[in-house]
Amino acid sequence: MTTDQLTPPPPTPSDAELVARIRVALDEVAATSSAGSAVGGGGRIGSRPRMWGRIAAAAAVIAVGVVAVAVLRPDRRDPLQPTTDSTDATGATDPGPSSSDGPLPYFLAIGEEFPPGEITVADTCCAGTGTMMTAWARGGDPAAGLLVAWTAPLYSDYLPDLPGEVTTVTTADSSISTVSLGLSASEREDLTAQITPGSGLPWILPAEGWEWLGFSMAADQPALEQSFGAVTLSSRVSLEAFIELTTATAAEAVTVAGEPGWSFRLPDGSTEVVWRDPRSGLWSSLSVPADLAARVDELTAAVEMNTAGEESADATTSTVQAEPLGRLVIDAIGLDWVVGGSPALDAKEGPAWGWADGVMFIVGNRTTYGAPFLRLDELQPEDVITLETTDGPRTFEVTLVESCPAQLNGVNLDACPSRPGDDLLLVTFDPKYTSVARLTVHANEIPAG
Amino acid sequence: MMDSASFDAFYRAHHADAVRWAVALVGSREVAEELAHDSLEAVRPRLDGLDQPPAYLRRVVVNRCHSWHRRHAREQRRIRRATAGAPGAYTAETNEMLDALAALPYRQRAAVTLRYWADWTDDQIAEALGCAPASVRVLVHRGIATLRKEIAE
């Protein structure tokens, strides 16, 4: 038992206390009198200077009327999930959304002015919104013409409030809406009428010269965002972000980390640069605020592919042992796994083990490949860890459970530093479903006898 | 389109509510006023055809605040930091809570603040977010859990 015990965490606020604090805070915000408000008894405000220059025009909905389109097959699967032989009209395949356990695929290498910030999980949605989306580009070039289509079940009477002009086509049990960039209203209506749901995966747009871009984001899959000063890199381009691109005042093709990309200047002066990651097929984006607009080219040139995770995995696999270690048993969390089936850090066959700086480690997946280390966060100091090896059982006692932001993303042994007296480290990803930090359990061995 | 007099009546009847909802969603009175005004104007062309204008207005406010949140929440946090302690600024506890709320994914933030401060029902939240009422309970649960962690640190 170490002398520097884990100090008890401060008492966490109960739900009722938290709610009370939320109310106090928002009451204070609501009570603040807003300078320049002319609302008083409820008269309408005339023209006011825009705080954040948004286009003032109200969305004009072009109702196309009911157009007969192929009825959706009742057993239609989510078009965002690829079938094994899914191809679109142009022959490109969509690899489909990947798990959120992946690292942020890009980073910004431009120096101290734009330091890498926290990685956050952006906007996880509740399941089952029923929204599916895809997009096409004229000749494969979104700057030459971009059409974004989505569908939503007809249980809702209301059209979503959107910027730009929306064309909506109603089918038997849902509606398809589109917005576009670089198309006339009649061209958009014409193309929308050709979208044929239920005809294949993804929706087919049979029009000549329109390439399917494969944008897709299942509603319950999170994106990762990382700030670099005032600039943000994202690991996915969401439906809302894509619809917003169709409001761009200017768009041009650019190169990002050696890949073809596009830069969209938005009405509020900010810039959104998007490109497709050749490794995953998913789209990434760089968001540049309006006040940095003059430096978009410089920032775009500073985007680099993040291979740190891959490199470090190569560097540390040499410390991963190929032979099995034994059976890891932790009664406190109902864990019972054979360790050492995986010859690599990705621990796909179960937890992997090895030596790092003289300390034995066991690294396991948190939520994937059987989720062996799912409940590692529940361990407390003094919990017992047993390792049943061919040389007999070995017993360890937990001394500390902590989480540290990882410098490197992805599969690597980027654990919290080992402490003096550590005999064993258990390492997994944190928080669940991401790889932005490393949950590390420190343990001392209790000698037998 | 609805005539001026009727829209004025609608505006007067719902403006204060719209501001309150936007305060819940963006954490700034000034921004909330702007977004509430935008939302009411956006609703105007459709008012005549709607069964339940207030429900539609809810959805519009939630969507507009979402767009704002994506672009400006971080900047708002910098502003809070920079103005902390200045006369007229919020208390430290309020700033801490606003920061914690801003750190939540938008839908979690929306569910928590609309339920616990704006007094929306779960059905109203579900309709505005475009999800099932059961999902609202999940969002609230996750939101509270994350807030608890943010505040405890």
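It should be noted that the structure appears before, not after, this text.
Quantities reported herein were computed from a predicted structural model and do not represent experimental measurements.

Trainee: I'd love a proper account of the side chain of T94 of chain B, names of residues and values included.
Mentor: Inspection of the secondary structure puts T94 of chain B in helix 4 (residues 92-103). The class of T94 of chain B is buried, set by a relative accessible area of 1%. Polar side-chain contacts of T94 of chain B include one of 2.5 Å to the side chain of E28 of chain A. Among residues more than four places away in sequence, those in contact with T94 of chain B are A25, E28 and V29 of chain A.

Trainee: Residue-level account of the sheet that holds strand 20 (residues 384-389) of chain A, with values.
Mentor: Residues and elements named next belong to chain A. What the 8 strands build is an open sheet, ordered 17-16-20-21-23-22-19-18; its pairing is mixed. Strands with a single pairing partner mark the edges of an open sheet, and in this sheet they are strand 17 (335-339) and strand 18 (352-356). Strand after strand, the sheet turns through a mean of 30 degrees between neighbouring axes, direction not considered. One ladder, built from 5 bridges, connects strand 16 (residues 326-330) with strand 17; its direction is antiparallel. Bridge pairing in strand 17 places R327 opposite V338.

Trainee: So what's going on with the packing of helix 5 (residues 106-116) of chain B against helix 6 (residues 122-129) of chain B? Residues and values would help.
Mentor: All names here are of chain B. The N-to-C vectors of helix 5 and helix 6 enclose an angle of 150 degrees; their axes lie 10 Å apart at closest approach. One way to sum up the angle between helix 5 and helix 6 is to call them roughly antiparallel. Handedness of the crossing formed by helix 5 with helix 6: right-handed. Counted together, R107, A110, A111, L114 and R115 of helix 5 and D122, I125 and L129 of helix 6 form the full contact between these two elements. A breakdown of the residues in the contact of helix 5 with helix 6 according to their chemical character gives 5 nonpolar, no polar and 3 charged.

Trainee: I'd like to hear about unusual backbone geometry, residue by residue, with values.
Mentor: Residues and elements named next belong to chain A. Even without being a glycine, A257 presents a positive backbone phi close to 50 degrees. Tracing the chain through its elements places A257 in the loop between strand 11 (250-256) and strand 12 (259-265). For A257, a relative accessible area of 27% gives the class partly exposed. For E382, which is not glycine, the phi torsion reads 85 degrees and is therefore positive.

What counts and what doesn't
- Residues numbered from 1 in each chain as written.
- Chains lettered and ligands numbered in written order.
- Predicted model: local features only at pLDDT ≥ 70, side-chain atom pairs only at ≥ 80, totals over all residues.
- Heavy atoms only, no water.
- Helix = DSSP H or I, 4+ residues; strand = E, 2+ residues; numbered from the N terminus.
- Buried < 20%, exposed > 50% of the residue type's maximum accessible area, 1.4 Å probe, protein only.
- Polar contact = N/O pair within 3.5 Å; in protein donor to acceptor, adjacent residues only side chain to side chain.
- Contact = heavy atoms within 4.5 Å.
- Pairing = 2+ DSSP bridges.
- Axes fitted to C-alpha atoms, helices over the stretch in contact; angles between N-to-C directions.
- Parallel < 35°, antiparallel > 145°, perpendicular 65-115°, else oblique.
- Left-handed = near helix turned anticlockwise from the far one by under 90°.
- Nonpolar A, V, L, I, M, F, W, Y, C, P; charged D, E, K, R; others polar.

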